[in-house]
Amino acid sequence: MEPPENLPGTPADADADAHVSRAAMDANTAVLLVGAGVTVITHPLLYVKLLIQVGHEPLPPTVGTTLFGRKVLYLPGFFSYAHHIVKVDGKRGLFRGLSPRIMSSTISTVVRSKVRQQVEVRSKTDEPQTSLRKVVKETSHEMVIQCLSRVATHPFHVMSIRCMAQFVGREDKYGGMFSCIIKIFKEEGIAGFYIGLIPHMLGEVLFLWCCNLLAHFINTYAIDESFGQASAVRSYTKCVMGIAVSVLTYPFILVADLMAVNNCGGVCQAGALHMTRYP
(Lines give C-alpha, C1' and ligand atoms only; values in the text may rest on other atoms or scores of the structure.)
Protein backbone atom coordinates (compact mmCIF):
# COMPACT_ATOMS: atom_id res chain seq x y z
CA MET A 1 0.00 0.00 0.00
CA GLU A 2 1.35 3.41 -0.99
CA PRO A 3 2.02 5.93 1.73
CA PRO A 4 -0.51 8.81 1.81
CA GLU A 5 1.97 11.38 0.52
CA ASN A 6 2.51 9.36 -2.70
CA LEU A 7 -1.14 8.79 -3.52
CA PRO A 8 -2.36 10.60 -6.64
CA GLY A 9 -4.38 13.71 -5.99
CA THR A 10 -2.63 14.51 -2.69
CA PRO A 11 -1.40 18.04 -1.86
CA ALA A 12 2.17 16.91 -2.65
CA ASP A 13 1.20 16.09 -6.24
CA ALA A 14 -0.68 19.37 -6.57
CA ASP A 15 2.38 21.31 -5.35
CA ALA A 16 4.65 19.45 -7.78
CA ASP A 17 2.31 20.16 -10.72
CA ALA A 18 2.09 23.82 -9.72
CA HIS A 19 5.90 24.02 -9.52
CA VAL A 20 6.29 22.49 -13.00
CA SER A 21 3.64 24.83 -14.37
CA ARG A 22 5.36 27.88 -12.88
CA ALA A 23 8.73 26.73 -14.25
CA ALA A 24 7.25 26.29 -17.74
CA MET A 25 5.61 29.71 -17.53
CA ASP A 26 8.87 31.33 -16.45
CA ALA A 27 10.70 29.66 -19.33
CA ASN A 28 8.10 30.85 -21.85
CA THR A 29 8.25 34.37 -20.44
CA ALA A 30 12.05 34.34 -20.72
CA VAL A 31 11.85 33.21 -24.35
CA LEU A 32 9.36 36.00 -25.14
CA LEU A 33 11.55 38.62 -23.47
CA VAL A 34 14.68 37.43 -25.28
CA GLY A 35 12.80 37.43 -28.59
CA ALA A 36 11.57 40.98 -27.98
CA GLY A 37 15.09 42.09 -27.07
CA VAL A 38 16.58 40.59 -30.23
CA THR A 39 13.83 42.26 -32.27
CA VAL A 40 14.67 45.65 -30.78
CA ILE A 41 18.41 45.22 -31.37
CA THR A 42 18.07 44.05 -34.99
CA HIS A 43 15.32 46.49 -36.01
CA PRO A 44 17.67 49.24 -37.32
CA LEU A 45 19.34 46.64 -39.57
CA LEU A 46 16.02 45.59 -41.08
CA TYR A 47 14.97 49.23 -41.39
CA VAL A 48 18.04 50.10 -43.46
CA LYS A 49 17.60 46.92 -45.52
CA LEU A 50 14.02 47.91 -46.38
CA LEU A 51 15.05 51.41 -47.49
CA ILE A 52 17.62 49.83 -49.79
CA GLN A 53 15.01 47.37 -51.10
CA VAL A 54 12.58 50.14 -52.11
CA GLY A 55 15.39 51.96 -53.91
CA HIS A 56 15.84 54.87 -51.52
CA GLU A 57 19.27 56.44 -52.11
CA PRO A 58 19.43 59.68 -50.09
CA LEU A 59 23.23 59.77 -50.03
CA PRO A 60 25.63 60.01 -52.96
CA PRO A 61 27.99 57.13 -53.64
CA THR A 62 31.64 57.37 -52.69
CA VAL A 63 34.57 56.70 -54.97
CA GLY A 64 36.73 53.76 -54.00
CA THR A 65 39.13 51.26 -55.50
CA THR A 66 38.96 47.50 -55.85
CA LEU A 67 41.73 45.08 -54.91
CA PHE A 68 43.01 45.43 -58.48
CA GLY A 69 43.20 49.22 -58.30
CA ARG A 70 40.12 49.93 -60.41
CA LYS A 71 38.04 52.94 -59.38
CA VAL A 72 34.38 52.17 -58.60
CA LEU A 73 31.39 53.84 -56.94
CA TYR A 74 30.33 52.43 -53.57
CA LEU A 75 26.84 52.98 -52.22
CA PRO A 76 26.56 53.93 -48.53
CA GLY A 77 26.68 51.11 -46.00
CA PHE A 78 24.58 50.48 -42.90
CA PHE A 79 26.27 53.04 -40.66
CA SER A 80 25.95 55.80 -43.27
CA TYR A 81 22.25 55.06 -43.74
CA ALA A 82 21.70 54.87 -39.98
CA HIS A 83 23.49 58.17 -39.45
CA HIS A 84 21.27 59.77 -42.12
CA ILE A 85 18.11 58.45 -40.41
CA VAL A 86 19.28 59.82 -37.04
CA LYS A 87 20.05 63.16 -38.69
CA VAL A 88 16.53 63.38 -40.14
CA ASP A 89 14.36 61.73 -37.46
CA GLY A 90 16.60 61.53 -34.41
CA LYS A 91 17.63 58.33 -32.63
CA ARG A 92 14.01 57.30 -32.17
CA GLY A 93 13.70 57.30 -35.95
CA LEU A 94 15.79 54.12 -36.11
CA PHE A 95 12.91 52.29 -34.42
CA ARG A 96 10.07 53.36 -36.70
CA GLY A 97 7.67 50.41 -37.13
CA LEU A 98 9.08 48.56 -34.12
CA SER A 99 5.83 47.91 -32.21
CA PRO A 100 4.26 45.72 -34.96
CA ARG A 101 7.51 43.74 -35.17
CA ILE A 102 7.54 43.11 -31.41
CA MET A 103 3.92 41.95 -31.61
CA SER A 104 4.83 39.73 -34.57
CA SER A 105 7.76 38.21 -32.68
CA THR A 106 5.59 37.50 -29.61
CA ILE A 107 2.78 35.89 -31.61
CA SER A 108 5.28 33.85 -33.65
CA THR A 109 6.91 32.48 -30.48
CA VAL A 110 3.57 31.51 -28.95
CA VAL A 111 2.23 29.91 -32.16
CA ARG A 112 5.44 27.96 -32.76
CA SER A 113 5.52 26.69 -29.18
CA LYS A 114 1.89 25.51 -29.20
CA VAL A 115 2.06 23.89 -32.65
CA ARG A 116 5.42 22.23 -31.91
CA GLN A 117 4.00 20.65 -28.74
CA GLN A 118 1.12 19.15 -30.70
CA VAL A 119 3.41 17.93 -33.47
CA GLU A 120 5.87 16.30 -31.06
CA VAL A 121 3.08 14.43 -29.28
CA ARG A 122 1.84 12.94 -32.56
CA SER A 123 5.21 12.18 -34.18
CA LYS A 124 7.05 9.72 -31.95
CA THR A 125 9.55 7.79 -34.06
CA ASP A 126 12.41 5.34 -33.52
CA GLU A 127 13.98 5.70 -36.99
CA PRO A 128 17.78 6.12 -37.19
CA GLN A 129 19.15 9.66 -37.10
CA THR A 130 20.41 9.54 -40.69
CA SER A 131 17.12 8.28 -42.11
CA LEU A 132 15.93 10.35 -45.08
CA ARG A 133 12.35 9.56 -44.11
CA LYS A 134 12.90 11.16 -40.71
CA VAL A 135 14.40 14.28 -42.28
CA VAL A 136 11.43 14.59 -44.63
CA LYS A 137 9.01 14.11 -41.74
CA GLU A 138 10.74 16.66 -39.52
CA THR A 139 10.95 19.17 -42.37
CA SER A 140 7.24 18.69 -43.09
CA HIS A 141 6.47 19.46 -39.45
CA GLU A 142 8.73 22.52 -39.54
CA MET A 143 6.96 23.65 -42.71
CA VAL A 144 3.55 23.43 -41.04
CA ILE A 145 4.83 25.37 -38.02
CA GLN A 146 6.43 28.02 -40.25
CA CYS A 147 3.34 28.45 -42.44
CA LEU A 148 0.97 28.80 -39.49
CA SER A 149 3.33 31.27 -37.84
CA ARG A 150 3.59 33.29 -41.06
CA VAL A 151 -0.19 33.45 -41.49
CA ALA A 152 -0.58 34.64 -37.88
CA THR A 153 2.15 37.29 -38.04
CA HIS A 154 2.04 38.55 -41.63
CA PRO A 155 -0.45 41.38 -40.91
CA PHE A 156 2.02 42.85 -38.40
CA HIS A 157 4.83 42.44 -40.93
CA VAL A 158 2.84 44.47 -43.47
CA MET A 159 2.16 47.20 -40.89
CA SER A 160 5.82 47.40 -39.90
CA ILE A 161 7.00 47.53 -43.52
CA ARG A 162 4.60 50.35 -44.37
CA CYS A 163 5.54 52.38 -41.29
CA MET A 164 9.23 52.13 -42.18
CA ALA A 165 8.73 52.85 -45.90
CA GLN A 166 7.08 56.19 -45.05
CA PHE A 167 10.54 57.57 -44.35
CA VAL A 168 11.12 57.76 -48.11
CA GLY A 169 8.29 60.21 -48.87
CA ARG A 170 8.18 61.80 -45.38
CA GLU A 171 4.56 60.66 -44.96
CA ASP A 172 2.58 60.12 -41.77
CA LYS A 173 -0.31 58.04 -43.07
CA TYR A 174 0.60 55.02 -40.93
CA GLY A 175 1.24 55.97 -37.33
CA GLY A 176 0.72 53.61 -34.41
CA MET A 177 -0.26 49.98 -34.72
CA PHE A 178 -3.96 50.56 -34.15
CA SER A 179 -4.15 53.37 -36.71
CA CYS A 180 -2.42 51.04 -39.20
CA ILE A 181 -5.05 48.36 -38.58
CA ILE A 182 -7.91 50.82 -39.12
CA LYS A 183 -6.45 52.38 -42.29
CA ILE A 184 -5.53 49.09 -43.95
CA PHE A 185 -8.91 47.54 -43.11
CA LYS A 186 -10.80 50.60 -44.37
CA GLU A 187 -8.91 50.91 -47.66
CA GLU A 188 -8.10 47.29 -48.55
CA GLY A 189 -10.15 45.05 -46.28
CA ILE A 190 -8.82 41.83 -44.77
CA ALA A 191 -6.85 41.07 -47.96
CA GLY A 192 -4.69 44.15 -47.30
CA PHE A 193 -3.15 42.47 -44.27
CA TYR A 194 -1.96 39.53 -46.37
CA ILE A 195 -0.38 41.30 -49.33
CA GLY A 196 2.87 39.54 -50.17
CA LEU A 197 2.01 36.47 -48.09
CA ILE A 198 2.39 33.91 -50.91
CA PRO A 199 5.95 34.83 -52.05
CA HIS A 200 7.07 35.18 -48.43
CA MET A 201 5.70 31.76 -47.55
CA LEU A 202 7.12 30.18 -50.70
CA GLY A 203 10.56 31.58 -49.89
CA GLU A 204 10.46 30.24 -46.34
CA VAL A 205 9.21 26.79 -47.39
CA LEU A 206 11.84 26.55 -50.13
CA PHE A 207 14.51 27.60 -47.64
CA LEU A 208 13.46 24.90 -45.16
CA TRP A 209 13.45 22.05 -47.67
CA CYS A 210 16.67 23.01 -49.46
CA CYS A 211 18.56 23.67 -46.22
CA ASN A 212 17.48 20.47 -44.45
CA LEU A 213 17.86 18.14 -47.44
CA LEU A 214 21.25 19.53 -48.48
CA ALA A 215 22.54 19.30 -44.90
CA HIS A 216 21.28 15.70 -44.68
CA PHE A 217 22.92 14.59 -47.93
CA ILE A 218 26.23 16.29 -47.09
CA ASN A 219 26.31 14.82 -43.57
CA THR A 220 25.37 11.35 -44.83
CA TYR A 221 27.35 10.98 -48.05
CA ALA A 222 30.06 13.67 -48.16
CA ILE A 223 31.51 13.47 -44.63
CA ASP A 224 33.42 10.28 -43.93
CA GLU A 225 33.07 8.66 -40.50
CA SER A 226 36.82 8.04 -40.45
CA PHE A 227 37.41 11.78 -40.35
CA GLY A 228 38.31 12.72 -36.78
CA GLN A 229 36.23 15.93 -36.67
CA ALA A 230 33.20 14.48 -38.49
CA SER A 231 30.74 15.21 -35.67
CA ALA A 232 31.99 18.80 -35.31
CA VAL A 233 31.72 19.41 -39.07
CA ARG A 234 28.20 17.98 -39.15
CA SER A 235 27.10 20.38 -36.43
CA TYR A 236 27.99 23.34 -38.68
CA THR A 237 26.65 21.96 -41.97
CA LYS A 238 23.08 23.18 -41.49
CA CYS A 239 24.24 26.67 -40.55
CA VAL A 240 26.45 26.94 -43.65
CA MET A 241 23.68 25.58 -45.87
CA GLY A 242 21.30 28.14 -44.37
CA ILE A 243 23.56 31.01 -45.43
CA ALA A 244 23.98 29.59 -48.93
CA VAL A 245 20.28 28.83 -49.47
CA SER A 246 19.19 32.24 -48.14
CA VAL A 247 20.92 33.81 -51.15
CA LEU A 248 18.68 31.77 -53.47
CA THR A 249 15.45 32.44 -51.55
CA TYR A 250 16.07 36.17 -50.95
CA PRO A 251 14.22 37.23 -54.15
CA PHE A 252 10.99 35.80 -52.70
CA ILE A 253 11.39 37.94 -49.56
CA LEU A 254 12.24 40.99 -51.68
CA VAL A 255 9.11 40.57 -53.81
CA ALA A 256 6.95 40.11 -50.70
CA ASP A 257 8.29 43.31 -49.10
CA LEU A 258 7.79 45.34 -52.27
CA MET A 259 4.26 44.00 -52.66
CA ALA A 260 3.51 45.11 -49.09
CA VAL A 261 4.34 48.76 -49.88
CA ASN A 262 3.02 48.89 -53.44
CA ASN A 263 0.07 51.28 -53.97
CA CYS A 264 -0.25 52.04 -50.27
CA GLY A 265 0.15 55.79 -50.33
CA GLY A 266 2.93 56.87 -52.62
CA VAL A 267 5.91 55.37 -50.84
CA CYS A 268 7.11 53.44 -53.86
CA GLN A 269 6.55 56.39 -56.17
CA ALA A 270 8.47 58.58 -53.73
CA GLY A 271 11.24 56.03 -53.64
CA ALA A 272 11.47 56.06 -57.43
CA LEU A 273 11.68 59.87 -57.42
CA HIS A 274 14.44 59.84 -54.80
CA MET A 275 16.58 57.33 -56.62
CA THR A 276 19.70 58.85 -58.12
CA ARG A 277 20.75 57.84 -61.61
CA TYR A 278 24.47 57.26 -62.16
CA PRO A 279 26.17 56.93 -65.51
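Residues numbered from 1 in each chain as written. Predicted model: local features only at pLDDT ≥ 70, side-chain atom pairs only at ≥ 80, totals over all residues. Heavy atoms only, no water.

1. Quick look at the overall build of the chain
For clarity, the cut-off: Secondary structure elements follow DSSP: runs of H or I no shorter than four residues count as helices, runs of E no shorter than two count as strands, and numbering proceeds from the N terminus. Burial classes: relative accessible area under 20% of the type maximum marks a residue as buried, over 50% as exposed, and values in between as partly exposed (1.4 Å probe, protein chains only). Note on contacts: a residue pair is in contact if any heavy atoms of the two residues lie within 4.5 Å.
The secondary structure content of the chain amounts to eight helices and two strands. Along its sequence from the N terminus, the chain presents helices and strands in the succession α-β-β-α-α-α-α-α-α-α. With 279 residues in all, the chain has 34% of them scored as buried. Across the chain, the fraction of contacts at a sequence separation of at least 24, relative to all contacts at a separation of at least 6, is 73%.

2. Focus on the state of the cysteines
Operational definition: To count as a disulfide, a pair of cysteine sulfur atoms needs to be within 2.5 Å.
Within this structure, the stated rule accounts for zero disulfides. Of the cysteine sulfurs around Cys 239, a residue in no disulfide, the closest is that of Cys 211, at 8.6 Å.

3. Notes on the pattern of salt bridges
For clarity, the threshold we go by: The salt bridge definition used is simple: a Lys or Arg side-chain nitrogen within 4 Å of an Asp or Glu carboxyl oxygen.
Applying the stated rule across the entire model yields six salt bridges. Residue Arg 150 is joined to Glu 204 by a salt bridge in which the shortest nitrogen-to-oxygen separation is 3.0 Å. One end of the pair, Arg 150, is in helix H4 (residues 132–169); the other, Glu 204, is in helix H6 (residues 197–222), and 54 residues separate them in sequence. Among the residues examined, Arg 150 registers a relative accessible area of 11% and is labelled buried. Residues Glu 188 and Arg 162 are paired through a salt bridge, measuring 2.6 Å at the closest nitrogen-oxygen approach. Here the residue Glu 188 occupies a position in helix H5 (residues 177–188), and Arg 162 occupies one in helix H4, the gap between them amounting to 26 residues. Judged by relative accessible area, which is 1%, Arg 162 ranks as buried.

4. Topic: the packing of H4 against H6
What counts, and what does not: Each axis is a line fitted through C-alpha atoms, and for a helix only the stretch in contact is used; angles between axes span 0 to 180 degrees, taken between their N-to-C directions. Each angle receives one of four descriptions, namely roughly parallel if under 35 degrees, roughly antiparallel if over 145, roughly perpendicular if within 65 to 115, and oblique otherwise. Crossings are classed by handedness, with left-handed meaning an anticlockwise turn of the near helix from the far one by less than a right angle and right-handed meaning a clockwise turn. Gly is placed with the polar residues, together with every amino acid not listed as nonpolar (Ala, Val, Leu, Ile, Met, Phe, Trp, Tyr, Cys and Pro) or charged (Asp, Glu, Lys and Arg).
Running from amino to carboxyl end, H4 crosses H6 at an angle of 155°, the nearest separation of the two axes being 9 Å. When the interaxial angle is binned, H4 and H6 end up roughly antiparallel. Note that H4 runs across H6; the crossing there is right-handed. When the residues that make up the contact of H4 with H6 are grouped by side-chain class, the tally is 13 nonpolar, eight polar and three charged.

5. Here's the deal with the pairing of strand E1 (residues 62–65)
For clarity, the threshold we go by: Between any two strands, at least two bridges found by DSSP are needed for them to pair.
For E1 and strand E2 (residues 71–74), the ladder comprises four bridges, and the chain directions are antiparallel. Bridge assignment links Thr 65 to a residue of E2, and that residue is Lys 71. A loop of five residues connects E1 with E2, the two strands running antiparallel in sequence, and Gly 69 in this loop sits at a positive phi of about 85°.

6. Things to note about a nonpolar patch on the surface
Stated precisely, the cut-off is as follows: What makes a patch is a set of residues exposed beyond 30% relative accessible area and free of salt bridges, joined within 9 Å when like-charged and within 5 Å when nonpolar (Val, Leu, Ile, Met, Phe, Trp, Tyr). Per-residue and other accessible areas follow the Shrake-Rupley method at a 1.4 Å probe size, with only the shown protein chains counted as cover for residues.
Residues Leu 132, Val 136, Phe 217 and Tyr 221 make up a contiguous nonpolar surface patch of about 390 Å² in total accessible area. Residue placement: Phe 217 occurs in helix H6.

7. Some thoughts on helix H2 (residues 78–89)
Selection rule: Helix span, as expected, comes to 1.5 Å for every residue beyond the first.
A rise of 1.5 Å per residue sets the reference length of H2, with its 12 residues, at 16 Å; its end C-alpha atoms lie 16 Å apart and thus fit the reference within 8%. Two residues or fewer past H2, Gly 90 is found with a positive phi of approximately 80°.

8. A look at helix H3 (residues 98–122)
Here H3 is 25 residues long and its end C-alpha atoms lie 36 Å apart, about the 36 Å a rise of 1.5 Å per residue gives. Buried within H3 are the following residues: Leu 98, Pro 100, Arg 101, Ser 104, Ser 105, Ser 108, Val 115 and Val 119.

9. Here we look at unusual backbone geometry
Of note in this structure, Arg 170 is not a glycine but carries a positive phi near 55°. Topologically, Arg 170 is positioned in the loop between H4 and H5. On the accessibility criterion, Arg 170 (46% relative accessible area) is partly exposed.

10. Some remarks on the packing of aromatic side chains
We count it as follows: What counts as a ring pair is set by centres within 6.5 Å for rings of Phe, Tyr and Trp (its six-membered ring), and what kind of pair is set by the plane angle: stacked under 30 degrees, edge-to-face over 60, tilted for all other angles.
Here the structure, examined in full by the defined rule, presents three aromatic pairs. For the ring pair Phe 78 and Phe 79, a centre distance of 5.2 Å and an interplane angle of 70° mean the geometry is edge-to-face.

11. Describing the side chain of Thr 237
Our working rule: Residues adjacent in sequence count toward polar contacts only when both atoms are side-chain atoms; beyond that, a polar contact is any pair of N or O atoms within 3.5 Å, and within protein one must be able to donate a hydrogen and the other to accept it.
As for its placement among the helices and strands, Thr 237 is situated in helix H7 (residues 230–261). Judged by its relative accessible area of 7%, Thr 237 falls in the buried class. Side chain to side chain, Thr 237 and Asn 219 meet in a polar contact 2.8 Å long. Setting aside its immediate chain neighbours within four residues, Thr 237 contacts Ala 215, Ile 218, Asn 219 and Ile 223.

12. Focus: the environment of Pro 58
Tracing the backbone through its elements, the reader meets Pro 58 in the loop between helix H1 (11–53) and E1. The exposure class of Pro 58 is partly exposed, given its relative accessible area of 27%. It is 9.3 Å that separates the C-alpha atoms of Pro 58 and Pro 76, two residues lying 18 residues apart in sequence. Those residues in contact with Pro 58, other than ones at most four positions away along the chain, are Tyr 81 and His 84.

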